[in-house]
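# Close look at the chain arrangement
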Amino acid sequence: MNRPFVATGIHLSRILLAADFSYCSCAALPYAVSIAKHYGSDLLVAHVATKQSAETRAPEDVVFRQTGEHPAVAAVRELEEQLDGCPHEFLIRRGIVWTELSEILIANRIDLMVMGTRGRSDPGKTHLGSTARQALRHSPCPVLTVGHSVFWEPMATPEIRELLYPTKLEPEAHVAEAYAISLASKYQAHLSVLHAAEKQNGRSADLLLHRVHGAIPCGIVLLRRPTAFVKYGPPVERILEAEHERGADLIVLGASRADRVSDAPLHLAGAGVERIVTRAHCPVLTICS
């Protein structure tokens, strides 16, 4: 379902924001809007009311554009000002949250899903919510998650000046690499490339830079030369350490689809993707290939 990486970069025609009006969901909204504006994307804001909710009085599948009778519409209207200037529509469904969202992803050919790491019903600030966990394991497109530690200021436009891209330098890494380069170009941000490994393996910063420069396609312009560095130790800790040191505004993670076949925790270079997305102080874009 992902659009192919071509010479002009990544194309995000349609973006889905999963809205449950929790803190993390509201913090995710400005990022969905910002990315949509940078890529000229259409934004679909979807809210799924559970069957246990009083909101199940709503029709099974109704698209709302500024009007409607659904109880969630009042909350949706509060989002309108933040969505100004961004082509969008609202979709309200009822049922099992991930089941409905996965159908929306496929039916609408979504290129990017944006969501909070946990919803209203998910306890614990440092835990990944059940819907976010299913999205990371099963989404057919990249997922941008925004955690509770990400600072959110209503009506503020998020700034992405520093991107952190951890890489294992394996064949499947080129997909995540393409997104990191594309975002750095769109936002004119600095790109830091990290190789984090448990022990020394001969990989060097020069090798990282050589690979990144070789991956930059024609038509893509980076305002600043990427920086590359290597860290040894537990990969999760080294990635989060680099996020703090670099003041990263976004982490771009690549993961193998083989990592999410079962219900076992996702892994990235022997480290947990789930732990990164819940502990990071900036949004995390996870791309499976």
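Residues numbered from 1 in each chain as written. Predicted model: local features only at pLDDT ≥ 70, side-chain atom pairs only at ≥ 80, totals over all residues. Heavy atoms only, no water.

It is worth spelling out the packing of helix 5 (residues 173-187) against helix 6 (residues 205-215) at this point. In a pair of packed helices, the angle between the axes and the distance between the axes together describe the arrangement. At a closest axis distance of 10 Å, the pairing of helix 5 and helix 6 adopts a crossing angle of 70°. When the axis of helix 5 is compared with that of helix 6, the two are roughly perpendicular. In this structure, helix 5 contributes A173, H174, E177 and I181 to the contact, and helix 6 contributes R211, V212 and A215. Partitioning the contact of helix 5 with helix 6 into residue classes produces 4 nonpolar, 1 polar and 2 charged. (Axes fitted to C-alpha atoms, helices over the stretch in contact; angles between N-to-C directions. Helix = DSSP H or I, 4+ residues; strand = E, 2+ residues; numbered from the N terminus. Parallel < 35°, antiparallel > 145°, perpendicular 65-115°, else oblique. Contact = heavy atoms within 4.5 Å. Nonpolar A, V, L, I, M, F, W, Y, C, P; charged D, E, K, R; others polar.)

To continue, consider the packing of aromatic side chains. Two descriptors summarise a pair of aromatic rings, namely the distance from one centre to the other and the angle between the planes of the rings. Within the structure shown, the criterion is met by 1 aromatic pair. Pairing Y23 with W152 gives two aromatic rings, centres 5.7 Å apart and planes at 85°, and the pair type is edge-to-face. Placement of the pair is Y23 in helix 1 (residues 23-39) and W152 in the loop between strand 6 (143-146) and strand 7 (162-166), with a sequence separation of 129 residues. By relative accessible area, which is 21% here, W152 ends up partly exposed. Directly above the ring of F229 sits R246, whose terminal nitrogen or CZ lies 4.0 Å from the centroid. (Phe/Tyr/Trp six-rings, centres within 6.5 Å; stacked < 30°, edge-to-face > 60°. Buried < 20%, exposed > 50% of the residue type's maximum accessible area, 1.4 Å probe, protein only. Lys NZ or Arg CZ within 6 Å of the ring centre and 35° of its normal.)

Moving on to the pairing of strand 13 (residues 284-288). Here strand 13 lies mainly inside the structure; 5 of its 5 residues are buried. Burial along strand 13 is two-sided: V284, T286 and C288 and L285 and I287, pointing in opposite directions, are all buried. By the bridge criterion, 3 bridges tie strand 6 to strand 13 in an arrangement that is antiparallel. When the sheet's bridge partners are listed, T145 is paired in strand 13 with V284. (Pairing = 2+ DSSP bridges.)

With that settled, consider the pairing of strand 10 (residues 250-255). For a regular strand, side chains alternate in direction, first toward one face of the sheet and then toward the other. Most of strand 10 sits inside the fold, with 6 of its 6 residues counted as buried. Relative to strand 10, strand 7 runs parallel, the two sharing 2 bridges. Residue pairing in the sheet places L164 in a bridge with I251 of strand 10. Sheet topology note: the strand 10/strand 13 ladder contains 5 bridges and is parallel. The residue of strand 13 that forms the bridge with L253 is T286.

Locating L12 in the fold gives a position in the segment before strand 1 (14-18). Residue class for L12 comes out buried when judged on its relative accessible area of 6%. Distance in space between the C-alpha atoms of L12 and H38 is 9.6 Å, their sequence separation being 26 residues. Excluding residues within four positions of it along the chain, L12 makes contact with I35, Y39, S41, D111, L112 and Y179.

Moving on to helix 5. With 15 residues, helix 5 should cover 21 Å at 1.5 Å per step; its first-to-last C-alpha distance of 21 Å lies within 8% of that length. Those residues of helix 5 not exposed but buried are A173, A176, E177, A178, Y179, A180, I181, S182, L183, A184, S185 and Y187. For helix 5, the secondary structure elements touched by its buried residues are helix 1, strand 7, strand 8 (190-197), helix 6, strand 10 and strand 13. Where helix 5 terminates, the next one or two residues include Q188, which has phi positive at roughly 50°. (Expected span 1.5 Å × (residues − 1).)

Further remarks concern empty space enclosed by the protein. Under the definition given, this model contains 5 cavities of 30 Å³ or more. For the second largest cavity, the calculated volume is near 60 Å³. Around the second largest cavity sit L12, I35, Y39, L112, L144, Y179, L183, L250 and L285, which together line it. Counting residues per element, the ones that place at least two in the lining of the second largest cavity are helix 1 and helix 5. Classifying every residue of the lining of the second largest cavity by side-chain character gives 9 nonpolar, no polar and no charged. (1 Å grid on protein atoms, 1.4 Å probe; cavity = no way out; pocket = protein on both sides within 12 Å on 5 of 7 lines; lining within 4 Å. Points joined across faces, edges and corners; volume = space filled by probe spheres on them.)

A water-sized probe rolled over the atoms picks out the places where empty space is left. When its volume is computed, the second largest pocket comes out at roughly 260 Å³. What lines the second largest pocket is a set of 16 residues, and nearest its centre among them are Y31, V150, F151, P158 and E159. Its residues assigned to classes, the lining of the second largest pocket comprises 11 nonpolar, 2 polar and 3 charged.

Any link to function would need more than the numbers given here.
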